Amino acid sequence: GQSLEQPSEVTAVEGAIVQINCTYQTSGFYGLSWYQQHDGGAPTFLSYNGLDGLEETGRFSSFLSRSDSYGYLLLQELQMKDSASYFCAVRPEGGQNFVFGPGTRLSVLP
Amino acid sequence: GAVVSQHPSRVICKSGTSVKIECRSLDFQATTMFWYRQFPKQSLMLMATSNEGSKATYEQGVEKDKFLINHASLTLSTLTVASAHPEDSSFYICSARRPLQNSPLHFGNGTRLTVT
């Protein structure tokens, strides 16, 4: 089976850098994805790591280390609008659906 | 623009009413769609996988007779909450992904169901 863990809450100030970690126990998966969800809204796709290493997309970067069963989402130059919940997710090998982590609620303070 | 469209966005109904939620993929054909349920401040819980032209695959603990799924075309899946009760009140979200390797999930905007 698949199990993912994330911190429940993270708080940071505007302009800062924050890292949201995701550790997992899974027998095999295609890659690690990250989704952002604002209160009352739908999740939106942020980033994907199919291979180990760092992927950068603007202010957001994501990292994966399969040997360490670990990944993270890095948010730079934080803005108030980044306050949201962030979910890591994996698609198990041979499967179509995604398994989501419990989510990390990020609060950005002025 | 939106890739997956979900309607309605909000439903308030009385106990015993059946509610239908539609999910459409707008610019691609989706042989598979996913229905999630989300409680406040919690993660997305997969309810079922909707398969075009065949029966849906339900997750353990999800009542098939309560949550009826129909995937009649390659762009439309519907979730019907049959005889809804207050405990069915929740946020329901559908999603689909393009049939490409490593394609991400695209979500509808969700449906907030309140059963009184």
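Residues numbered from 1 in each chain as written. Chains lettered and ligands numbered in written order. Predicted model: local features only at pLDDT ≥ 70, side-chain atom pairs only at ≥ 80, totals over all residues. Heavy atoms only, no water.

K.L.:
Looking at this structure, how should I read the interface of chain B and chain A?
P.N.:
Interfaces are often described in size by the accessible area the parts lose on coming together. Counting residues at the interface gives 18 residues for chain B and 16 residues for chain A. Viewed at the interface, chain A and chain B are joined by zero salt bridges. The interface formed by chain B and chain A holds four residue pairs in polar contact (both at pLDDT 80 or more) in total. Where the side of chain B that touches chain A is concerned, the elements lending two or more residues are β4 (32–38) and β9 (90–96) of chain B. (Contact = heavy atoms within 4.5 Å. Salt bridge = Lys/Arg side-chain N within 4 Å of Asp/Glu carboxyl O. Polar contact = N/O pair within 3.5 Å; in protein donor to acceptor, adjacent residues only side chain to side chain. Helix = DSSP H or I, 4+ residues; strand = E, 2+ residues; numbered from the N terminus.)

K.L.:
Where do I start with the pairing of strand β3 (residues 19–25) of chain B in this structure?
P.N.:
Taken residue by residue, a regular strand's side chains alternate between the two faces of the sheet. All names here are of chain B. Because side chains alternate across β3, one face comprises the buried residues Val-19, Ile-21, Cys-23 and Ser-25, and the other comprises Lys-20, Glu-22 and Arg-24, none of which is buried. Direction of pairing for strand β1 (residues 4–7) relative to β3: antiparallel, over a ladder of four bridges. Its bridge partner being in β3, Gln-6 is matched across the sheet by Cys-23. In the sheet, β3 pairs with strand β8 (residues 76–81) via six bridges, with the strands oriented antiparallel. Each residue of the ladder has a partner; that of Val-19, found in β8, is Val-81. (Buried < 20%, exposed > 50% of the residue type's maximum accessible area, 1.4 Å probe, protein only. Pairing = 2+ DSSP bridges.)

K.L.:
Would you mind showing me how to read the sheet that holds strand β6 (residues 53–57) of chain A here?
P.N.:
Hydrogen bonding along the main chain pairs the strands of a sheet, whether they run parallel or antiparallel. Residues and elements named next belong to chain A. Here we have five strands laid out as an open sheet, ordered β1-β3-β8-β7-β6, and antiparallel in their pairing. Strands at the two margins of the open sheet, each flanked by one partner only, are β1 (2–5) and β6. Between one strand axis and the next, the sheet turns through 15 degrees on average, direction left out of account. By the bridge criterion, four bridges tie β1 to strand β3 (residues 18–26) in an arrangement that is antiparallel. Each residue of the ladder has a partner; that of Glu-5, found in β3, is Thr-23. (Axes fitted to C-alpha atoms, helices over the stretch in contact; angles between N-to-C directions.)

K.L.:
Help me understand the state of the cysteines, please; the structure alone is not making it clear to me.
P.N.:
In protein chemistry, a disulfide is the covalent bond that joins the sulfur atoms of two cysteines. Here the structure, examined in full by the defined rule, presents two disulfides over all chains. The side chain of Cys-22 of chain A participates in a disulfide bridge whose partner is Cys-88 of chain A; the two sulfur atoms lie 2.1 Å from each other. Handedness of the Cys-22 of chain A-Cys-88 of chain A disulfide follows from its S-S torsion of about 70 degrees: it is right-handed. One end of the pair, Cys-22 of chain A, is in strand β3; the other, Cys-88 of chain A, is in strand β9 (residues 84–92), and 66 residues separate them in sequence. Given a relative accessible area of 0%, Cys-22 of chain A falls into the buried group. The disulfide bridge from Cys-23 of chain B ends at Cys-94 of chain B, spanning 2.0 Å between sulfur atoms. One disulfide, between Cys-23 of chain B and Cys-94 of chain B, carries an S-S torsion of 85 degrees and so falls in the right-handed class. Placement of the pair is Cys-23 of chain B in strand β3 and Cys-94 of chain B in strand β9, with a sequence separation of 71 residues. (Disulfide = S-S within 2.5 Å.)

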